[in-house]
Amino acid sequence: MSTHSIAEPQFRDLFEEDFAAAIILTDSDALTLGFKDFDPSSVLNIDNIGSQEALDKRKNIAVSALPLTFELNDDDAFRQRMTLRFSALRIEDQILDVPDSHTKYVLGAFTGYEQEIKFSDHWTFETGIGAHLQYLHSDYDFRSPTSKYFQSYFDGKIVNTSAWAASLQPKVGFNYHEDKPWGEVKFKSTFNYFSGIGWGKANDGDVGTPEGWYWSNEAKLFYDVTDWGRSVQTIYTSIRRVDIGGDTLGMLGSPHYYEGTIGWLMTPPFQIQFVDNIGIGLSINYGSDLKGGSIVLFFNQD
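Treat the numbers as computed from the prediction; the structure is a model and nothing was measured. (Residues numbered from 1 in each chain as written. Predicted model: local features only at pLDDT ≥ 70, side-chain atom pairs only at ≥ 80, totals over all residues. Heavy atoms only, no water.)

## What about the pairing of strand β12 (residues 292-299)?
As a general feature of sheets, a regular strand has side chains that alternate between the two faces. Relative to β12, strand β1 (residues 36-38) runs antiparallel, the two sharing three bridges. Bridging across to β12, Lys36 finds its partner in Ile295. In this sheet, β12 lies alongside strand β11 (residues 278-286) in antiparallel orientation, the contact comprising eight bridges. Each bridged residue has a counterpart across the sheet, and for Gly281 the counterpart in β12 is Val296. Where β11 folds back on β12, the antiparallel hairpin that results is connected by five residues, among which Gly287 adopts a positive phi of roughly 110 degrees. (Pairing = 2+ DSSP bridges. Helix = DSSP H or I, 4+ residues; strand = E, 2+ residues; numbered from the N terminus.)

## So, helix α3 (residues 52-59)
Every buried residue belonging to α3 is among Ala54, Leu55 and Arg58, and all of these are buried. End-on, the buried residues of α3 take up no more than an arc of 100 degrees, which puts them together on one face. Residues of α3 that are exposed and point over 90 degrees away from its buried face: Glu53 and Lys59. Packed against the buried residues of α3 are β1, β2 (61-71), β11 and β12. (Buried < 20%, exposed > 50% of the residue type's maximum accessible area, 1.4 Å probe, protein only. Arc of directions from axis to C-beta. Contact = heavy atoms within 4.5 Å.)

## Observations regarding a nonpolar patch on the surface
On the surface, a nonpolar cluster with roughly 890 Å² of combined accessible area is contributed by Phe35, Leu221, Tyr223, Val225, Ile235, Ile262, Trp264, Ile280, Leu282 and Leu297. At the level of secondary structure, the elements contributing two or more residues to the nonpolar patch comprise β8 (211-228), β10 (256-266) and β11. Looking at the nonpolar patch, the element that brings in the most residues is β8, giving three residues. The residue Leu221 is located in strand β8 in this model. (Patch = residues over 30% accessible without salt bridge, like charges linked within 9 Å, V, L, I, M, F, W, Y side chains within 5 Å. Areas by Shrake-Rupley, 256 points an atom, 1.4 Å probe, with all protein chains shown as cover. Salt bridge = Lys/Arg side-chain N within 4 Å of Asp/Glu carboxyl O.)

## Comments concerning unusual backbone geometry
Backbone torsion omega between Val98 and Pro99 reads 5 degrees, so that peptide bond is classified as cis. Structurally, Pro99 is set in the loop between β3 (78-92) and β4 (101-118). Phi angles above zero are rare outside glycine, and Asp204 is one such case at about 55 degrees. Checked against the element boundaries, Asp204 lands in the loop between β7 (183-199) and β8. According to the relative accessible area criterion, Asp204 is partly exposed, its value standing at 42%. Of note in this structure, Asn300 is not a glycine but carries a positive phi near 55 degrees.

## Structural notes on the packing of aromatic side chains
For the coordinates displayed, the defined rule picks out 16 aromatic pairs. Ring geometry for Tyr149 and Phe150: centres 5.2 Å apart, planes at 90 degrees, overall edge-to-face. We classify Phe150 as partly exposed; its relative accessible area is 36%. An angle of 85 degrees between the planes, with centres 5.5 Å apart, marks the rings of Tyr236 and Phe298 as edge-to-face. Taken as a pair, Tyr236 in strand β9 (residues 231-246) and Phe298 in strand β12 lie far apart in primary sequence, 62 residues in all. By the burial criterion, Tyr236 is buried, and Phe298 matches it. (Phe/Tyr/Trp six-rings, centres within 6.5 Å; stacked < 30°, edge-to-face > 60°.)

## Digging into the pairing of β3
Pairing geometry for β2 and β3, over eleven bridges, is antiparallel. Across the sheet, the residue bridging to Phe70 is Met82, located in β3. Between the end of β2 and the start of β3, which pair antiparallel, lie six residues. When β3 meets β4, the two strands line up antiparallel, connected through 15 bridges. If you follow Glu92 over to β4, its bridge partner there is Thr103.

## With respect to the environment of Gln52
The residue Gln52 is located in helix α3 in this model. In this structure the C-alpha to C-alpha distance between Gln52 and Phe38, which are 14 residues apart in sequence, comes to 9.0 Å.

## Looking at the nonpolar core
If you look at soluble globular proteins, the nonpolar side chains tend to sit buried side by side. Ile24, Leu25, Ile61, Tyr214 and Tyr257 are the most contacted members of the largest nonpolar core, which has 34 residues in total. For this core, the secondary-structure elements that each account for two or more residues are α1 (9-25), β3, β5 (123-141), β6 (162-180), β9 and α5 (249-252). Ranked by residue count, the leading element in this core is α1, at nine residues. Listed in part, the five residues of the second largest apolar core include Tyr236, Leu265, Val296 and Phe298. (Core = buried A, V, L, I, M, F, W, Y, C linked by side-chain atoms within 4.5 Å.)

Written out as structure tokens, the structure is:
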């Protein structure tokens, strides 16, 4: 147990950054992380796309997210839908000294309402608002003599403790969609802002108010290769730029970054509720502290 009973203001930023990082890292419209990471510089023989430091950081992060969308009407001119997303983020975080270990978990549930208003043949205006509920837990193993010296100061305050956060997230954006004989072309520009409050055991309850924003501009192309009965096989490509601000800068370390993705999608051969498509692909991030490549599994990619 910590011998301190007074919250430390300098620790507040750490929790704000963790909650903000979980919001952007679990939103596939903002950042893509996969199950197998690699350094594109060594594979493609192109400098500065990745680095060993960034690769190590990516390997210390594991993200799982289950997004679900429920259409509320069939009106193409004014579409309404509900969204749900359950997520889990695991971070192998910095340690005071070897052989210590530190693992943080952020579990999240998001629900939101969105609407699209069609104002031309291909363009729609989108707005939405949602709410996040997040739970953070820290496990730190003090093993080294150095870390044990500081254990009474950190233990129970910023490590080996837990915290909660609730945030509201409005969004606004424009979407372009055009059907082609061979597939689809899409463009999406979306601005998200979130602001919340935190509470819990950590830092004697003073875990801050996570706040941040991100603006994603993305072009997508879906090229239908073949049909196997009901199952459509599609090549998927996308490129996007994401600008960020607020507490999200702590994890990503840059005010903007780029991502390129290519993959193979397949609609199920028989109808499965809540499953539009599944697939596998390759994604490369450039410009952030998480720059590098990942092999990615797709679920309900649109």
